[in-house]
Amino acid sequence: MSSENSTNVNAFNIQGLINPDIVTFFLTLNITICGNVIGLLGILGNIVSLINFAKYGMQDSVSVTLSALVISDSGALFAQLFINVLISPFWKSVDHPFFSLSILSSTLFYPREYFIRVSGTITVFATLERCLCVIVPMRVKRIITRNVAIVVNVGIFLVILPYLVPPLAVTYYEWRVDPRKNRSLIFLVYRDNTESVFKVSYAVLDLFVPNCTFFVLIVCNTVIVLTLKSKSKWRQSTTGHSVNQLSVKPKISTKEKKLVIMLVTVSTIFIGCLSPQSAMLTALGFVRELKINGPYFDLSLLVYSFTFLLETVNCSVSVLVYYNMSSRFRDRMQAWFPCSKF
């Protein structure tokens, strides 16, 4: 690929569909300001959560899975913070050796998306486990043990690792002369097979996997809610009957019910925060003008400023969910931080 083509691919050229000042304003507000603040708070919250889970001893599958979720969320937040810094408008006046710092942010985009895919799959595993616990509690507890949860969560990190292969396989960095500055800069160059590789990668990893994740989460959460309502109605209808009659269906403990509600909440937040980004990726497959250097790319940038912020929120709020819905988690937090008693 020529240096001219690589220049066009690497630059964020804001077209004329939307006023550039509006795009710059929201990029600065949503990503540089809000994204960094929420991301930093989210990283701190995730570190506290991980320490909190470690104090539990991680003796059950739930603690193991939630710890893995915290790790993947933190990875996404770290990558997003670097992206936020690199695409900040404050770098425009800095003389750096890269053609555009946006090429670094586009490279970090894939590790960030990798961790988000991992978080989604771990959320599916946790929700599916709770769904089965609600339906057949005695069987699942014997099958999904702490060791099984460790193997599954480590396996999720490894299985999704190939997500990073396509962008690494079709791009490389190279020193080239920039005629506008009359000096050598580092360019991100795309190989000849880029289009064909990205088509397959996009269809499988950016469309099929996220949409399957949403589908499974919606189905599992629906089954959980309907099953809990059914069992609640059954217990009410059998009030006053003999113990033998009441033992026909296994009773779900209050602790289990709280855990189920917490994971349903985490799943709902995940779907609500990540579905806009998935919708945007789907739109890119049908409206090519939204892609880089397309006539509607400024619209894409504007939408991305909000979807990236939502993804940052999703990776940051889990500590608040755990605090409000887990008494053990809350007690430890309040012991460490007395000011958190509210």
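Residues numbered from 1 in each chain as written. Predicted model: local features only at pLDDT ≥ 70, side-chain atom pairs only at ≥ 80, totals over all residues. Heavy atoms only, no water.

## Observations concerning the overall build of the protein chain
Consideration 1: Summing up its helical and strand segments, the protein chain has 13 helices and two strands in all.
Consideration 2: Residues counted as buried form 46% of the 342 residues belonging to the protein chain.
Consideration 3: Within the protein chain, contacts between residues at least 6 apart in sequence are counted, and of these 77% link residues at least 24 apart.
Consideration 4: Here the protein chain has roughly 17500 Å² of accessible surface; of this, 69% comes from carbon and sulfur atoms. (Helix = DSSP H or I, 4+ residues; strand = E, 2+ residues; numbered from the N terminus. Buried < 20%, exposed > 50% of the residue type's maximum accessible area, 1.4 Å probe, protein only. Contact = heavy atoms within 4.5 Å. Areas by Shrake-Rupley, 256 points an atom, 1.4 Å probe, with all protein chains shown as cover.)

## Looking at the nonpolar core
Consideration 1: Residues Phe-53, Leu-66, Val-118, Ile-122, Tyr-322 and Phe-329 are the most contacted members of the largest nonpolar core, which totals 31 residues.
Consideration 2: Elements supplying a minimum of two residues to this core: α2 (20-56), α3 (61-86), α4 (102-135), α6 (146-159), α10 (254-286), α12 (318-325) and α13 (327-336).
Consideration 3: By residue number, the principal contributor to this core is α4, which donates six residues.
Consideration 4: Phe-329 has contacts with Ser-49, Asn-52, Phe-53, Tyr-56, Val-319, Tyr-322 and Tyr-323, leaving out every residue within four places of it along the chain.
Consideration 5: Among the nonpolar cores identified, the runner-up in size contains 15 residues, and Leu-27, Leu-281, Leu-284 and Phe-308 belong to it. (Core = buried A, V, L, I, M, F, W, Y, C linked by side-chain atoms within 4.5 Å.)

## Notes on the pattern of salt bridges
Consideration 1: Under the counting rule described, the total for this entry stands at four salt bridges.
Consideration 2: A salt bridge links Arg-112 to Glu-113, with the shortest nitrogen-to-oxygen separation between them at 2.3 Å. Of the two residues, Arg-112 and Glu-113, neither departs from the other in class, the shared state being buried.
Consideration 3: Since its relative accessible area comes to 0%, Glu-113 is described here as buried.
Consideration 4: The network of salt bridges with common partners includes Arg-112, Glu-113, Arg-117 and Glu-311. (Salt bridge = Lys/Arg side-chain N within 4 Å of Asp/Glu carboxyl O.)

## Looking at the pairing of strand β2 (residues 183-190)
Consideration 1: With six of eight residues buried, β2 lies mostly within the body of the structure.
Consideration 2: One ladder, built from eight bridges, connects strand β1 (residues 171-178) with β2; its direction is antiparallel. Within β2, the residue paired with Tyr-173 across the bridge is Leu-188.
Consideration 3: The hairpin turn running from β1 into β2, its antiparallel successor, is four residues long, and Asn-182 in that turn takes a positive phi close to 55°. (Pairing = 2+ DSSP bridges.)

## Comments concerning the packing of aromatic side chains
Consideration 1: The final tally for this structure, using the stated rule, is eleven aromatic pairs.
Consideration 2: Pairing Phe-109 with Tyr-110 gives two aromatic rings, centres 5.5 Å apart and planes at 85°, and the pair type is edge-to-face.
Consideration 3: On the basis of relative accessibility, which here comes to 21%, the residue Phe-109 falls in the partly exposed class.
Consideration 4: Residue Tyr-110 is classed as partly exposed on the basis of its relative accessible area, which comes to 22%.
Consideration 5: Put simply, the rings of Phe-109, Tyr-110, Tyr-163, Tyr-304 and Phe-308 pair up and form one aromatic cluster.
Consideration 6: The side chain of Arg-112 reaches across the aromatic face of Phe-308, ending 4.3 Å from its centre. (Phe/Tyr/Trp six-rings, centres within 6.5 Å; stacked < 30°, edge-to-face > 60°. Lys NZ or Arg CZ within 6 Å of the ring centre and 35° of its normal.)

## Some words on the UniProt feature "transmembrane region" (unreviewed entry) in the protein chain
Consideration 1: Taking the UniProt record as the reference, the feature "transmembrane region" (unreviewed entry) is found at residues 22-54, 66-91, 114-136, 148-165, 207-228, 259-281 and 301-323.
Consideration 2: What you have in residues 148-165 is 72% helix and 0% strand, and the ends, taken at the C-alpha atoms, are 28 Å apart.
Consideration 3: For residues 301-323, the helix share is 96%, the strand share is 0%, and the end-to-end C-alpha distance is 34 Å. (UniProt positions renumbered as here; feature names shortened; annotations may be inferred.)

## Here's the deal with α6
Consideration 1: In this model, α6 (14 residues) spans 20 Å end to end at C-alpha, consistent with the 20 Å of a helix rising 1.5 Å per residue.
Consideration 2: Taken residue by residue, α6 has Ala-149, Asn-153, Ile-156 and Phe-157 as its buried positions. In an axial view of α6, the angular spread of the buried residues amounts to 95°, which keeps them on one side of the axis. Set apart from the buried face of α6 by more than 90 degrees, the exposed residues are Asn-147, Val-151, Leu-158 and Val-159. (Expected span 1.5 Å × (residues − 1). Arc of directions from axis to C-beta.)

## Quick look at the confidence of the model for the protein chain
Consideration 1: Averaged over every residue, the pLDDT of the protein chain is 79; the share at 70 or more is 81%.
Consideration 2: Across the protein chain, element-level confidence peaks in α6 with a mean pLDDT of 93 and bottoms out in helix α1 (residues 3-10) with 38.
Consideration 3: Of the regions scoring below 50 in pLDDT, residues 1-15 engages in 48 contacts with residues more than four places distant in sequence or in other chains.
Consideration 4: Segment residues 242-248 is flagged for pLDDT under 50; beyond a separation of four residues in sequence, or across chains, it makes five contacts in the model. (pLDDT = per-residue confidence, 0-100.)

## Focus on helix α11 (residues 297-316)
Consideration 1: The end-to-end C-alpha distance of α11 is 28 Å, a good match for the 28 Å that 20 residues give at a rise of 1.5 Å each.
Consideration 2: Burial of α11 is extensive: 15 of the 20 residues sit out of reach of the surface.

## Some words on the environment of Thr-213
Consideration 1: Position of Thr-213 relative to the elements: it lies in helix α8 (residues 194-237).
Consideration 2: For Thr-213, the residues in contact, after removing those within four places along its chain, are Gly-120, Val-124 and Phe-270.
Consideration 3: At 2.9 Å, the side chain of Thr-213 forms a polar contact with the backbone oxygen of Val-209. (Polar contact = N/O pair within 3.5 Å; in protein donor to acceptor, adjacent residues only side chain to side chain.)

## Brief notes about the packing of α12 against α13
Consideration 1: At a minimum axis distance of 5 Å, the contact between α12 and α13 shows a crossing angle of 105°. Taken together, the axes of α12 and α13 are roughly perpendicular relative to one another. Of α13, the residues touching α12 (which contributes Val-319, Tyr-322, Tyr-323, Asn-324 and Met-325) are Ser-327, Phe-329, Arg-330, Met-333 and Gln-334.
Consideration 2: Residue classes in the contact of α12 with α13 are distributed as six nonpolar, three polar and one charged. (Axes fitted to C-alpha atoms, helices over the stretch in contact; angles between N-to-C directions. Parallel < 35°, antiparallel > 145°, perpendicular 65-115°, else oblique. Nonpolar A, V, L, I, M, F, W, Y, C, P; charged D, E, K, R; others polar.)

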